[in-house]
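Summary of the model geometry
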Amino acid sequence: MNRIFSGIQPTGNLHLGNYLGALRNWVRLQDTFECLYCVVDMHAITVWQDPAALRDSTRTAAAAMIAAGVNPETSAVFVQSHVAAHAQLAWIFNCVARLGWLSRMTQFKEKAGKNRENASVGLFAYPNLMAADILAYKATHVPVGEDQKQHLELARDIAQKFNNDYGISLFPIVEPLIFGPATRVMSLRDGTKKMSKSDASDYSRINLADDADAIALKIRKAKTDPEVLPSTAAGLEGRPEAANLLGIYAALADRDIETVCAQFAGQTFAGFKAALCDLAVATLGGIGAEMQRLQADPGFLDATLREGAERAQALAEPIMREVYEAVGFLARDPQRG
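Residues numbered from 1 in each chain as written. Predicted model: local features only at pLDDT ≥ 70, side-chain atom pairs only at ≥ 80, totals over all residues. Heavy atoms only, no water.

Moving on, we get to unusual backbone geometry. The phi torsion at Lys 138 lies on the positive side, around 50°, for a residue other than glycine. The exposure class assigned to Lys 138 is partly exposed, which follows from its relative accessible area of 24%. Even without a glycine there, the phi angle at Asp 254 is positive, about 60°. Here Asp 254 lies in the loop between α10 (240–253) and α11 (257–264). (Buried < 20%, exposed > 50% of the residue type's maximum accessible area, 1.4 Å probe, protein only. Helix = DSSP H or I, 4+ residues; strand = E, 2+ residues; numbered from the N terminus.)

Structure, rendered in structure tokens:
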């Protein structure tokens, strides 16, 4: 069976965009792939994190995965820092990747901003760790958003260069799984900005931890425009808030945007928002309650993450032995070779 690896950062409030862009797809992939799903706490500390908050948000991210439908019985659910192979392979990839490759990464330029000299080395080398996350398990496919495509292309370059440098075919050339439209969810307060964990306004996003009342309130308060809804997607041109809300409905309903436009053509936002509230609450309302139940039992979450890490470690160990042998590292256990 082909193998999936994907991860989610334990920072801020996980929201509708994380669900539609990642978690929902992860759940669906469990039926056809061997899946490893990781809370990437090592990636999180490329910028400073409060330690106590990071521990809490790591459990919250794990709870969100499980509440959304990731099954820890069939998929390995674990924390990145609990499996040493991620850091070990990342260092080897630091010695394989070229500075020029990393310098071209647009996400580093965006996150570091104008003051790049003060950015951490970890933020610069982040894509090498991402490559290690994937290749430590010889994952064959990675579900990614558009903003991560460049990093995945770098992982492919690193895998090819490692194989060429050492004259072996150790790492697969991983394939991206990019899901269709309406996975890029925008702010409920500004349709030109991506829905974000870091937005100061909680009304800009639907958090996965929100209950039904909070979900409905945020949709009712979502910014709109004075026009009625168009009959075709072409009529959404220049109407970012309308496009966002119709896109959210289409994604939640698993329909294309043209079908949704035809369904609500000529209606006001009042009627459409009522329908969107019903759909969003039906789809997401149970996730918040399940997250709350799981977070009330940290012992269960910790045990689940520990079991997931043991499964991940068992997969990574023989691969890391191959890597160490290829690189020329002295075997750690001479009895085993």
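Still more to cover.
Within this structure, the stated rule accounts for 12 aromatic pairs. Plain terms: the ring middles of Tyr 324 and Phe 329 are 5.0 Å apart, the flat faces sit at 85° to each other, and that makes the pair edge-to-face. The class for Tyr 324 is buried, based on a relative accessible area of 15%. Taking the relative accessible area as the measure of exposure, Phe 329 reaches 40% and is therefore partly exposed. (Phe/Tyr/Trp six-rings, centres within 6.5 Å; stacked < 30°, edge-to-face > 60°.)

Turning to empty space enclosed by the protein, a few remarks are in order. Under the defined criterion, the tally for this structure stands at 1 cavity of 30 Å³ or more. Estimates place the volume of the largest cavity at around 50 Å³. Among the elements of the structure, α6 (106–112) and α7 (121–135) are those that each provide at least two residues to the lining of the largest cavity. The greatest single-element share of the lining of the largest cavity, amounting to 4 residues, is contributed by α7. Grouping the constituent residues of the lining of the largest cavity by class yields 6 nonpolar, 2 polar and 1 charged. (1 Å grid on protein atoms, 1.4 Å probe; cavity = no way out; pocket = protein on both sides within 12 Å on 5 of 7 lines; lining within 4 Å. Points joined across faces, edges and corners; volume = space filled by probe spheres on them. Nonpolar A, V, L, I, M, F, W, Y, C, P; charged D, E, K, R; others polar.)

What follows deals with the pairing of strand β2 (residues 34–39). A large share of β2 lies buried, amounting to 5 of its 6 residues. Bridge count between strand β1 (residues 3–8) and β2: 6 bridges; the pairing is parallel. Across the sheet, residue Ser 6 finds its bridge partner in β2, namely Tyr 37. Since β1 and β2 lie parallel, the crossover through helix α1 (residues 16–29) that links them has a hand, and here it is right-handed. Where β2 lies against strand β3 (residues 76–79), 4 bridges are found, and the strand directions are parallel. Considered in β3, the bridge of Val 39 is made with Val 79. (Pairing = 2+ DSSP bridges. Right-handed = clockwise from strand over helix to strand, strands pointing away.)

As a packed pair, α10 and α11 sit with axes 9 Å apart at the nearest point and diverge in direction by 110°. Viewed along their axes, α10 and α11 adopt a mutual orientation that is roughly perpendicular. The crossing of α10 and α11 is right-handed. Between α10 and α11, the residues in contact are Leu 246, Gly 247, Tyr 249 and Ala 250 and Ile 257, Val 260, Cys 261, Gln 263 and Phe 264, respectively. In terms of residue class, the contact of α10 with α11 is made up of 7 nonpolar, 2 polar and no charged. (Axes fitted to C-alpha atoms, helices over the stretch in contact; angles between N-to-C directions. Parallel < 35°, antiparallel > 145°, perpendicular 65-115°, else oblique. Left-handed = near helix turned anticlockwise from the far one by under 90°. Contact = heavy atoms within 4.5 Å.)

Taking 1.5 Å per residue as the helical rise, helix α3 (residues 51–68) with its 18 residues ought to reach 26 Å, and the 26 Å between its terminal C-alpha atoms agrees with that figure. For α3, the set of buried residues is Leu 54, Ser 57, Thr 58, Ala 61, Ala 62, Ala 63, Ala 64, Met 65, Ile 66, Ala 67 and Ala 68. Just downstream of α3 lies Gly 69, where phi reads positive at about 120°. (Expected span 1.5 Å × (residues − 1).)

Attention now moves to the nonpolar core. Nonpolar side chains in soluble globular proteins tend to be buried together. If you look at the biggest cluster of nonpolar residues, it comprises 60 residues, and the most contacted ones within it are Leu 16, Met 65 and Phe 272. No other element matches helix α12 (residues 269–295), which puts 10 residues into this core. Setting aside residues no more than four positions away along its own chain, Phe 272 makes contact with Leu 229, Leu 245, Leu 246, Tyr 249, Phe 264 and Gln 267. The next biggest cluster of nonpolar side chains, apart from the first, holds 48 residues, and it includes Ala 85, Met 130, Val 142 and Ile 158. (Core = buried A, V, L, I, M, F, W, Y, C linked by side-chain atoms within 4.5 Å.)

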